[in-house]
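Spelled out, the chains give:
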Amino acid sequence: MKRLFAVALGILTAIGGFVDIGDMVTNALVGSRFGLSLAWVVVTGVIGICVFAEMSGRVAAISGRPTFDLVRERLGPRMGFANLVASMAVTLLTFIAEIGGVALALELASSVNYLLWIPLAGFAVWLVLWRVKFSLMENVFGLLGLSLIVFAVAVWQLGPDWSTLWNDASRPSVPASEDTPTYFYYAVALFGAAMTPYEVFFFSSGGVEERWGPRDLTIMRTNVLVGFPLGGVLSVAIAASTALVFLPVGVQVDTLGQVGLPVAVSLGKVGLAVALIGFFAATFGAACETGLSVGYSISQYFGWQWGKYVRPREAARFHVVLLLATITGIAVLLTTVDPIKVTEYSVVFSAVALPLTYFPILVVANDPDYMGTKVNGRVANTLGSVYLVLVLAAALAAIPLMILTKAGQ
């Protein structure tokens, strides 16, 4: 029973962790402009994150060490440092966006300007990272993140023409009102949002925190193969809801409040209240995950004690990194930079960093010195190689498309 409960909580956690501020905003914006013609990107991204999260989790379960630690040891300090810089830059940017997302969710619930919420939101995130147990943090925000299912209910309640939605999703094309470069710019953004680097590093380090071993491989794979796809379904539901409400009237989603409007239209105030709980839980949970990922990556590279499985005094440098990252996030957001813009840029730069994130994982997962008989099989290597080509193409295209389209304008 305990193992079944762990599977259930792991699935819920994966759902809450997959749909963060980047996924919510990007999917809502894309839905309002392109309908479901980019749903194929979400499906592609879900498969990709499942492939590499499984590798990363298997590495942690078999070796008892997180992926980032092994990357430095296996590929050397230079490659490890390149990996650190690339992933750290994106993860810190995402962390800043998530704190901003928490503040925006609180603004929607209270009508108090989000700038006044930023210091409190940042402090609350840091306090949870410092004092709350890892399992409690994951389970609470994973469970509350399930509130986002209200978007799927909203789509049903809006009474769409299901054949039209399916046709848009299964036969993707560039809408007449959009051009091809903009279409592929948002395809890269969606791909980056689905395969954000912090997800696999957090998943691997979380496995060590929860002391996974070889016997936990089934639980780990169930979490990956059920949780992330369910998160993908929620992402598509968000896009579908904004497509149904905003696309017919030619309105583009620009704010978090607009993301929740389809729920309010179809389900009223009660539905909107549930959506706000989902916004808060998803952004706060992702802020915790990205904040921890910043601490994990730096501490693991330099060989410091890390994690919430030890007392803060025993991992002092790890907790100093968490504090400095939180202060940085608060300071950046208090300059009045738009958190939504930070989010949009973070998912694009995430695509740029993907090759440096996922190539080392593929190498480590094939090393028998670490993995013994649990190295990648033929299917895992085939999918991993295909996705390396895809992430390289996305990384090369991201910046030129951003410049060409003026960030999707």
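Residues numbered from 1 in each chain as written. Predicted model: local features only at pLDDT ≥ 70, side-chain atom pairs only at ≥ 80, totals over all residues. Heavy atoms only, no water.

Participant: Provide a residue-level description of the packing of helix α10 (residues 197-209) against helix α14 (residues 339-365), including the pertinent values.
Facilitator: Describing two packed helices takes the angle between their axes plus the distance from one axis to the other. Two numbers describe how α10 lies on α14: the axes approach to 9 Å, and their chain directions differ by 35 degrees. Where α10 abuts α14, its residues Pro 197, Val 200 and Phe 201 lie against Ser 350, Ala 353, Leu 354, Thr 357, Tyr 358 and Ile 361. Its residues placed into classes, the contact of α10 with α14 shows 7 nonpolar, 2 polar and no charged. (Axes fitted to C-alpha atoms, helices over the stretch in contact; angles between N-to-C directions. Helix = DSSP H or I, 4+ residues; strand = E, 2+ residues; numbered from the N terminus. Contact = heavy atoms within 4.5 Å. Nonpolar A, V, L, I, M, F, W, Y, C, P; charged D, E, K, R; others polar.)

Participant: Just give me the short version of a nonpolar patch on the surface, but keep the residues and values in it.
Facilitator: On the surface, Tyr 345, Phe 349, Val 352, Ile 399 and Ile 403 cluster together into a nonpolar patch covering about 410 Å² of accessible area. Of all the elements in the fold, those that place two or more residues in the nonpolar patch are α14 and α16 (378-405). Ranked by the residues each element gives to the nonpolar patch, the list is headed by α14, at 3 residues. (Patch = residues over 30% accessible without salt bridge, like charges linked within 9 Å, V, L, I, M, F, W, Y side chains within 5 Å. Areas by Shrake-Rupley, 256 points an atom, 1.4 Å probe, with all protein chains shown as cover. Salt bridge = Lys/Arg side-chain N within 4 Å of Asp/Glu carboxyl O.)

Participant: So, the pattern of salt bridges: which residues are in play, and what are the values?
Facilitator: Going through the model one piece at a time under the given rule, you end up with 3 salt bridges. Salt-bridge contacts for Glu 178 lead to Arg 33; the nearest nitrogen and oxygen are separated by 2.8 Å. One end of the pair, Glu 178, is in the loop between α8 (162-170) and α9 (180-194); the other, Arg 33, is in helix α2 (residues 21-34), and 145 residues separate them in sequence. We note a salt bridge from Arg 58 to Glu 54, for which the minimum N-O separation is 2.9 Å. One end of the pair, Arg 58, and the other, Glu 54, are both in helix α3 (residues 39-63), 4 residues apart, so they sit about a helical turn from each other. Arg 58 sits in the buried class, given a relative accessible area of 4%. Accessibility expressed as a relative area gives 11% for Glu 54, which makes it buried. (Buried < 20%, exposed > 50% of the residue type's maximum accessible area, 1.4 Å probe, protein only.)

Participant: Please set out the nonpolar core residue by residue, giving values where relevant.
Facilitator: Judged by nonpolar contacts, the single largest core of 64 residues is most densely connected at Met 24, Met 137, Leu 148, Phe 151, Val 259, Phe 279 and Leu 292. When residues of this core are assigned to their parent elements, the largest contribution, 15 residues, is made by helix α12 (residues 256-302). For Phe 151, the residues in contact, after removing those within four places along its chain, are Ala 237, Ile 238, Ser 241, Val 259, Gly 260, Val 263, Ala 275 and Phe 279. Membership of the second largest hydrophobic core comes to 54 residues, among which are Val 51, Ala 61, Val 364 and Met 402. (Core = buried A, V, L, I, M, F, W, Y, C linked by side-chain atoms within 4.5 Å.)

Participant: Account for unusual backbone geometry, with residues named and values stated.
Facilitator: Even without glycine at this site, Ser 111 takes up a positive phi of about 65 degrees. On the secondary structure map, Ser 111 appears in the loop between α4 (67-110) and α5 (114-131). In this structure Ser 111 comes out as exposed when scored by relative accessible area, which is 69%. Phi at Thr 336 takes a positive value of approximately 75 degrees, unusual for a residue other than glycine. Tracing the backbone shows Thr 336 in the loop between α13 (316-333) and α14.

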